[in-house]
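Survey of secondary and tertiary structure
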Amino acid sequence: MRSVPSSVVLPSYHKNGIPPPRIPVVDIKSKDEIAMLREAGHITGGVLDKVMDMAQVGITTDELDRYGHDLIVQRSAYPAPLNYRGFPKSICTSVNNVLCHGIPNSRQLLDGDIISIDVSIFYKGVFGDCCSTKVVGEGDNVVHKLTAVARDSTLAAIEHCRPGVRLCAVGNTISDHAAEAGFSICKEFIGHGIGSYFHGLPEVYHYSNNHGPTLRPGMVFTIEPIIMEGQDTMGILADGWTAVSADTKRSAQFEHTIVVTNDGPEILSPHR
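Attention in this report is confined to the structure presented alongside it. Here the structure is a predicted model, which is why all the values come from computation and not from measurement.

Quick notes on the overall build of the protein
Helices and strands together make up the secondary structure of the protein, namely four helices and 15 strands. A compact globule built from 272 residues should have a C-alpha radius of gyration of about 19 Å, and the protein, at 17 Å, falls within 12% of that. Across its three principal directions, the C-alpha atoms of the protein cover 50 × 45 × 30 Å. Split into buried and exposed, the 272 residues of the protein put 53% on the buried side.

Some points on helix H1 (residues 31–54)
With 24 residues, H1 should cover 34 Å at 1.5 Å per step; its first-to-last C-alpha distance of 35 Å lies within 8% of that length. Within the sequence span of H1, burial applies to Ile34, Leu37, Ala40, Gly41, Ile43, Thr44, Gly45, Val47, Leu48, Asp49, Val51 and Met52. Residues of H1 that are buried make contact with helix H2 (61–74), strand E4 (114–123), strand E5 (126–135), strand E9 (220–223) and strand E14 (256–261).

Some words on the environment of Gln108
Relative to the assigned elements, Gln108 resides in the loop between strand E3 (98–100) and E4. Residue classification places Gln108 among the partly exposed residues on the basis of a relative accessible area of 47%. With residues up to four places along the chain from it excluded, the contact list for Gln108 reads Gly58, Ile59, Thr60 and Asp113.

Focus: the side chain of Thr147
Here Thr147 lies in helix H3 (residues 141–159). Among the residues examined, Thr147 registers a relative accessible area of 5% and is labelled buried. In contact with Thr147, other than residues within four places in its own chain, are Ile114, Thr133, Val135, Ala252 and Phe254.

Digging into the pairing of E14
Walk down a regular strand and you will see the side chains alternate between the two sheet faces. With five of six residues buried, E14 lies mostly within the body of the structure. Sheet topology places E9 next to E14; four bridges connect them, and they run antiparallel. Note on E14: the bridge partner recorded for Val220 is Val259. The sheet contact formed by E14 and strand E15 (residues 264–267) spans four bridges and is antiparallel. The residue bridging Val259 from the neighbouring strand is Glu266, located in E15. The antiparallel hairpin formed by E14 and E15 contains two residues in its connecting segment.

Brief notes about the sheet that holds strand E11 (residues 234–236)
A sheet is described by the order of its strands in space; here three strands give the open sequence E3-E12-E11, paired in antiparallel fashion. Each edge of the open sheet carries a strand with a single partner, namely E3 and E11. For this sheet the average axis-to-axis angle between neighbouring strands, irrespective of direction, equals 40 degrees. The pairing of E3 with strand E12 (residues 243–245) spans two bridges and is antiparallel.

What to know about the pattern of salt bridges
Side chains carrying opposite charge are able to pair once their charged atoms draw close together. For the structure shown, the criterion picks out 14 salt bridges. Note that Arg38 and Glu266 form a salt bridge whose closest N and O atoms lie 2.7 Å from each other. On the criterion of sequence distance, the pair formed by Arg38 in helix H1 and Glu266 in strand E15 is long-range, its members being 228 residues apart. Assessed through its relative accessible area of 28%, Arg38 is described here as partly exposed. One continuous salt-bridge network, built from bridges that share partners, spans Arg2, Asp62, Asp65 and Lys89.

What counts, and at which threshold
- Residues numbered from 1 in each chain as written.
- Predicted model: local features only at pLDDT ≥ 70, side-chain atom pairs only at ≥ 80, totals over all residues.
- Heavy atoms only, no water.
- Helix = DSSP H or I, 4+ residues; strand = E, 2+ residues; numbered from the N terminus.
- Rg over C-alpha atoms; globule rule 2.2 N^0.38 Å.
- Buried < 20%, exposed > 50% of the residue type's maximum accessible area, 1.4 Å probe, protein only.
- Expected span 1.5 Å × (residues − 1).
- Contact = heavy atoms within 4.5 Å.
- Pairing = 2+ DSSP bridges.
- Axes fitted to C-alpha atoms, helices over the stretch in contact; angles between N-to-C directions.
- Salt bridge = Lys/Arg side-chain N within 4 Å of Asp/Glu carboxyl O.

Keep in mind these values describe shape, not function.
The following block contains the structure:
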């Protein structure tokens, strides 16, 4: 695993890989907590944009991991995936039929690949989390459409995150976008509450549902749908992390961390 400077504040799991128990309630963040999450989110989104720019033909995903790691620790932050439940790298790089949690390795990116990069950090006691997808090189029309639908459905769902709206509006909106485009949604991975903890309540379903609380100002959570080119069935590889589509078809993911305010949603992790 990559080293982290001693000056960086470390999460509780950095040695043993075991995160603390999940908080069993949806907590409402204070103004100070939101300000901290905003700072962490802006750092996370900025790092993500730089790593995405580096994702070009011939670059290995391990090179992307090293670059992302260095950018994160240079900003006095900890790469949150590193040793989280034993994850061996500092970012997640998911290529083509890998849905999420891809482990960076020596594979070079090829013209036409699609890559999702997830950057998460621990900074001043809180977490930041976001993800983006790009087509490497030219790519075909379908993969460009897949990427656009993932991005557009995420942003459309965010617009519904206003006080008094039920959280299920997120999944219902994403489901409509995906179905209209002829794509499916991965149901195995969900958005989550975030704060001083990496993953918590509420659980955010990205498919059509009737679950979840009514939104209130101060709620902070991620929205991170995985849109699939083919069927919504999947499996996990022997490494225990890498999630892949069962039919080997491609996928795209976008993620933002948002806070619900009296005036509507605010994206805490802005990125391209």
